[in-house]
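# Topology and contacts: notes
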Amino acid sequence: MRLRKLNLAAAIGLPLVLAGCVTEYSAKDAGFTTVDAKVSTAATKKSVWIQNREQADKVNAEVKALLKRKTIDADTAVQIALLNNKGLQAAYADLGDASADAWQATLFLNPTVSIGTTGIGTPELQAYKAIEGLVTTNILALLTRDKTIAIADARFRQAQLNAALSTLQLAAETRRAWIEAVAAWETVAQLNQAQASADASSELAAKLGETGAMGKGNQAREHVFNAELAGQTAEARLAARLAKENLTRLMGLWGSDVDYQVPNRLPNLPKTLARKDSIEAEALKRRVDLQIARLDLEAVAKSYKLTEATRYVTDLELIAGAEAEREKEDDGTKVETTGQFEFEFVIPIFDSGSARMRKSELAHMRSANLLAEKAVNIRSEARSAYEAYRSRYDIARHYRNNVVPLRNKIEEEATLSYNGMITSTFELLADVRAKVNSTVLSVNAKRDFWLADADLMTAIHGGGSGGAAGGAAAPAAAEAGGAGH
């Protein structure tokens, strides 16, 4: 026999009416526009979150176009890395997870529907005696929904900043790797020039030895210098190849794409330095990792309030339902329907919520102290980065303007004296050796300046390893002489 429909609409209607529309968290870019805007401001480069084949093909074509240049400068290397590094794409997937969690928090909990039977009638009745339907929904979740959404939103914004921080860190590492690779090849070029002179001196010593004009001791001195310089050049060439390979990894290249070239010398030192009179304030304003710490404190504070609101009642459910009974009497069949409403909650007899409150309180204190520590460290890092920037510039300029010109002058005078048979070959050799060392030191000083320049930008925007620095905006590479590698 057909049963009367259970009137459950009253029990489940409220959550269905309150269910909102799809929020911004459900957008496919999951807040990536905010990430790209923050990165573009700091790194002056764009990044892309690849989510389908069409986007992947477009990015691949753009990377191929960038690699067609004869040599790639620092800005090009950073742009390729931001487009092509797969680890960065994995970090963007974490942003998608946070977006999905925030989206989930905006949705109401689905009600639980249960239908059961009680008692079976006589064979003549041929039906269940009673059918019972229940709908259960979590009232506490509805009451605390705004707080839950606020926590999820704070975590989502924190995930956006984490994605931006990962992007800035990759940009900084790529720029530093480019500087290291170019400096290594510049060192190789300088050693190759010295090697040519050493080869000529060694060959001359051998011929003078054949005529008896040079003793075996002096010949050995020139030969050993040539041999040591050859070993030093080989070491430098290996270091340059490894440095370029590190850059290749960061740019995510493989196959034929690894045949790109970098310049043989770093850009010249700038004529003037950037003034950073308020670098501490600028770092406190712009550092992404400090913004993440602030959001973490905000999320923990909201969680603390939620714990406080649910300290005594951790679970509160409304149960609504209806029961239909059908009985057969002498004067016919009687059907009776009754409603049913219940509340279920935990009585805090043994657990008053004090332990949970204590944990939330400690978590809040921990986040507050970590934020304060982060602010102190950032101010110190900004000062240190600027001090290194200024000092490295002065050191590099000193080598360029004083040490190297003096060594060149000494070599010129030694050559004239040697040609005039005033000084010995051994003295000339010592001057050549000293010039090689000074030239390498000059290259290293210039490299250290450009690294300090990159670290200064990282100290302002964030993205460095260990939370210190990680640059995004070192000046673009100037024209570099020599063939690329």
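Note that the structure is a prediction, hence the values are computed from the model and not measured.

Check the secondary structure of the protein and you find 12 helices and 4 strands. Partitioning the intrachain contacts of the protein with sequence separation of at least 6 by distance along the chain shows that 78% fall at a separation of at least 24. Accessible area of the protein: about 26,200 Å², with a carbon and sulfur share of 54%.

On to the packing of helix H3 (residues 53-67) against helix H4 (residues 74-84), then. At their nearest, the axes of H3 and H4 sit 10 Å apart, and the two run at 160 degrees to each other. With respect to each other, H3 and H4 are oriented roughly antiparallel. The hand of the H3/H4 crossing is left-handed. Here H3 contributes Val59, Asn60, Glu62, Val63, Leu66 and Leu67 to the contact with H4, which in turn contributes Thr76, Gln79, Ile80, Leu83 and Asn84. Its residues assigned to classes, the contact of H3 with H4 comprises 6 nonpolar, 4 polar and 1 charged.

This next bit is on the packing of aromatic side chains. Under the counting rule described, the total for this entry stands at 6 aromatic pairs. For the ring pair Phe32 and Tyr92, a centre distance of 4.8 Å and an interplane angle of 70 degrees mean the geometry is edge-to-face. With a gap of 60 residues between them, Phe32 in helix H2 (residues 32-43) and Tyr92 in helix H5 (residues 86-106) connect regions that are remote in the sequence. Across this residue pair, the class does not change: Phe32 and Tyr92 are buried. Taken together through their ring pairs, the aromatic side chains of Tyr386, Tyr389, Tyr393, Phe449 and Trp450 make up a single cluster.

Time to look at the pattern of salt bridges. Where side chains of opposite charge bring their charged atoms close, a pairing between them can arise. For the coordinates displayed, the defined rule picks out 18 salt bridges. For the salt bridge of Asp296 with Arg155, the shortest nitrogen-to-oxygen distance reads 2.9 Å. Taken together, the residues span a long stretch of sequence, with Asp296 in helix H10 (residues 288-309) and Arg155 in helix H7 (residues 145-211) at a distance of 141 residues. What makes Arg155 partly exposed here is its relative accessible area of 33%.

What follows covers H5. Here H5 is 21 residues long and its end C-alpha atoms lie 31 Å apart, about the 30 Å a rise of 1.5 Å per residue gives. Looking at H5, one finds that the buried residues are Leu88, Gln89, Ala91, Tyr92, Leu95, Gly96, Ala98, Ser99, Ala102, Ala105 and Thr106.

What follows covers H3. For H3, which comprises 15 residues, the first-to-last C-alpha distance of 21 Å matches the rise-based estimate of 21 Å (1.5 Å per residue) to within 8%. Those residues of H3 not exposed but buried are Ala56, Val59, Val63, Leu66 and Leu67. For H3, the arc enclosing every buried residue in end-on projection is 95 degrees, short of the 170-degree limit, so these residues lie on one face. Turned more than 90 degrees off the buried face of H3, the exposed positions are Glu54 and Lys58. Among the structural elements, H4 are those in contact with the buried residues of H3. For H3, the side-chain oxygen to backbone nitrogen distance between the N-cap and Glu54 is 3.2 Å, and the N-cap itself is Asn52.

Of note, Arg433 is situated in helix H12 (residues 425-461). In contact with Arg433, other than residues within four places in its own chain, are Phe225 and Glu228.

With respect to the helices and strands, the residue Asn85 is situated in the loop between H4 and H5. On the basis of relative accessible area, Asn85 is assigned to the buried category, the value being 12%. For the pair formed by Asn85 and Met251, sequence separation is 166 residues and the distance between their alpha carbons is 5.7 Å. When residues no more than four places from it in sequence are discounted, the contact partners of Asn85 are Ile80, Leu170, Arg249, Leu250 and Met251. Of the polar contacts made by the side chain of Asn85, one reaches the backbone nitrogen of Leu88; its length is 3.0 Å.

Our focus in this paragraph is the environment of Leu82. Following the sequence through the fold, Leu82 ends up in helix H4. Take Leu82: its relative accessible area is 0%, and that puts it in the buried class. It is 9.3 Å that separates the C-alpha atoms of Leu82 and Thr174, two residues lying 92 residues apart in sequence. Those residues in contact with Leu82 that lie beyond four places of it in its chain are Val39, Lys45, Lys46, Ser47, Val48, Leu88, Thr167, Leu170 and Ala171.

A residue-level look at the protein finds 63% of positions with pLDDT of 70 or above and a mean pLDDT of 74. Ranking the elements of the protein by mean pLDDT puts helix H1 (residues 9-18) last, at 37, and H4 first, at 93. Predicted confidence for residues 1-23 stays below pLDDT 50, and this span has 23 contacts to residues more than four positions away or in other chains. Across residues 466-483 the pLDDT falls below 50, and counting only partners more than four positions away or on other chains, this stretch makes 61 contacts in the model.

Reading guide: rules and limits
Residues numbered from 1 in each chain as written. Predicted model: local features only at pLDDT ≥ 70, side-chain atom pairs only at ≥ 80, totals over all residues. Heavy atoms only, no water. Helix = DSSP H or I, 4+ residues; strand = E, 2+ residues; numbered from the N terminus. Contact = heavy atoms within 4.5 Å. Areas by Shrake-Rupley, 256 points an atom, 1.4 Å probe, with all protein chains shown as cover. Axes fitted to C-alpha atoms, helices over the stretch in contact; angles between N-to-C directions. Parallel < 35°, antiparallel > 145°, perpendicular 65-115°, else oblique. Left-handed = near helix turned anticlockwise from the far one by under 90°. Nonpolar A, V, L, I, M, F, W, Y, C, P; charged D, E, K, R; others polar. Phe/Tyr/Trp six-rings, centres within 6.5 Å; stacked < 30°, edge-to-face > 60°. Buried < 20%, exposed > 50% of the residue type's maximum accessible area, 1.4 Å probe, protein only. Salt bridge = Lys/Arg side-chain N within 4 Å of Asp/Glu carboxyl O. Expected span 1.5 Å × (residues − 1). Arc of directions from axis to C-beta. Polar contact = N/O pair within 3.5 Å; in protein donor to acceptor, adjacent residues only side chain to side chain. pLDDT = per-residue confidence, 0-100.

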